[in-house]
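Survey of secondary and tertiary structure
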Amino acid sequence: MLWAERFEDCKPIGTITWDRSSKGSGKRHNCWRAELRRGKVRYRKRSKSYRECEDFLLDYVNLHEDELPQRAIQSLRNSFYEQDL
């Protein structure tokens, strides 16, 4: 299940995308990127593994649970519960 699909009827907490960006040097990234914005701060992680990006976002959610929308957190928890069934 993709990260955005875990959030039913609410805005996802963060995003995971495939990154092929470059800084003009001709060399490109070919990896996953997790990104999360809180206010004016942007948290990012690049990894070859989609799962590592998910873990990065999950760690953030676990550390800042009281600051995030409860509806989104509950939707995220439900998605993992349903996946285990």
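The number of helices and strands found in the chain is two helices and three strands. Counting from the amino terminus, the chain carries its helices and strands in the arrangement β-β-β-α-α. Within the chain, the proportion of its 85 residues that are buried is 32%. Look at the contacts in the chain between residues 6 or more apart in sequence, and 34% of them connect residues 24 or more apart. Surface accessibility of the chain: about 6,200 Å² in total, with carbon and sulfur atoms responsible for 48%. Side chains of the chain carry 18 positive and 14 negative charges; the gap between the two charge centres is 12 Å.

With the rule as written, the count across this model stands at seven salt bridges. Here Arg 46 makes a salt bridge to Asp 19, at a shortest N to O gap of 2.5 Å. Of this pair, Arg 46 sits in strand 3 (residues 41–47) while Asp 19 sits in strand 1 (residues 15–19), and the two are 27 residues apart along the sequence. Given the relative accessible area of 4%, Asp 19 is considered buried. Linking Arg 37 and Glu 35 is a salt bridge whose minimum nitrogen-to-oxygen distance equals 3.7 Å. Residue Arg 37 is classed as exposed on the basis of its relative accessible area of 51%. Through salt bridges with shared partners, a single ionic network connects Arg 6, Arg 51, Glu 54 and Asp 55.

What follows deals with the sheet that holds strand 3. Judged by pairing direction, the sheet is antiparallel, and its three strands sit side by side in the order 1-2-3 without closing on themselves. Two strands in the sheet have a free side with no partner beyond their single neighbour: strand 1 and strand 3. Looking at each pair of strands side by side, their axes are set apart by 25° on average, direction ignored. Direction of pairing for strand 2 (residues 31–38) relative to strand 3: antiparallel, over a ladder of seven bridges. Note that in strand 3 the partner of Arg 33 across the bridge is Arg 46. Of the strands in this sheet, strand 1, strand 2 and strand 3 touch helix 1 (residues 50–63), which is tilted by about 15° from strand 2.

This next bit is on the environment of Ala 34. Among the secondary structure elements, Ala 34 is positioned in strand 2. The exposure class of Ala 34 is buried, given its relative accessible area of 0%. Remark: the alpha-carbon pair of Ala 34 and Asp 55, spanning 21 residues in sequence, is separated by 9.5 Å. Ignoring any residue separated from it by four or fewer positions in sequence, one finds Ala 34 in contact with Thr 15, Ile 16, Tyr 43, Arg 44, Lys 45, Cys 53, Phe 56 and Leu 57.

Procedures and definitions
The residue numbers shown here count from 1 along each chain, following its written sequence. Only residues with pLDDT of at least 70 are given local features in this predicted model, and only at 80 or more are side-chain atom pairs given and counted; all residues enter the totals for whole chains, interfaces and linings. Side-chain calculation: all heavy atoms of the structure are included, whereas hydrogens and water are not. Only DSSP runs of H or I with at least four residues qualify as helices, and only runs of E with at least two residues qualify as strands; both kinds are numbered from the N terminus onward. With a 1.4 Å probe rolled over the protein chains alone, any residue whose accessible area is under 20% of its type maximum counts as buried; one over 50% counts as exposed, and the rest are partly exposed. In what follows, residue pairs with any heavy atoms lying within 4.5 Å of each other are defined as contacts. In short, Shrake-Rupley with a 1.4 Å probe defines the accessible areas, and a residue's cover is counted only from the protein chains shown. Just so you know, the count uses Lys and Arg for positive and Asp and Glu for negative, and it drops His and the chain ends. Every charge is mapped onto a representative atom, which is NZ of Lys, CZ of Arg, CG of Asp or CD of Glu. What counts as a salt bridge is simple: a side-chain nitrogen of Lys or Arg found within 4 Å of a carboxyl oxygen of Asp or Glu. A strand pair is defined by DSSP finding two or more bridges across the two strands. All axes are obtained by fitting lines to C-alpha atoms, using only the stretch in contact for helices, and the reported angles, taken between N-to-C directions, cover 0 to 180 degrees.

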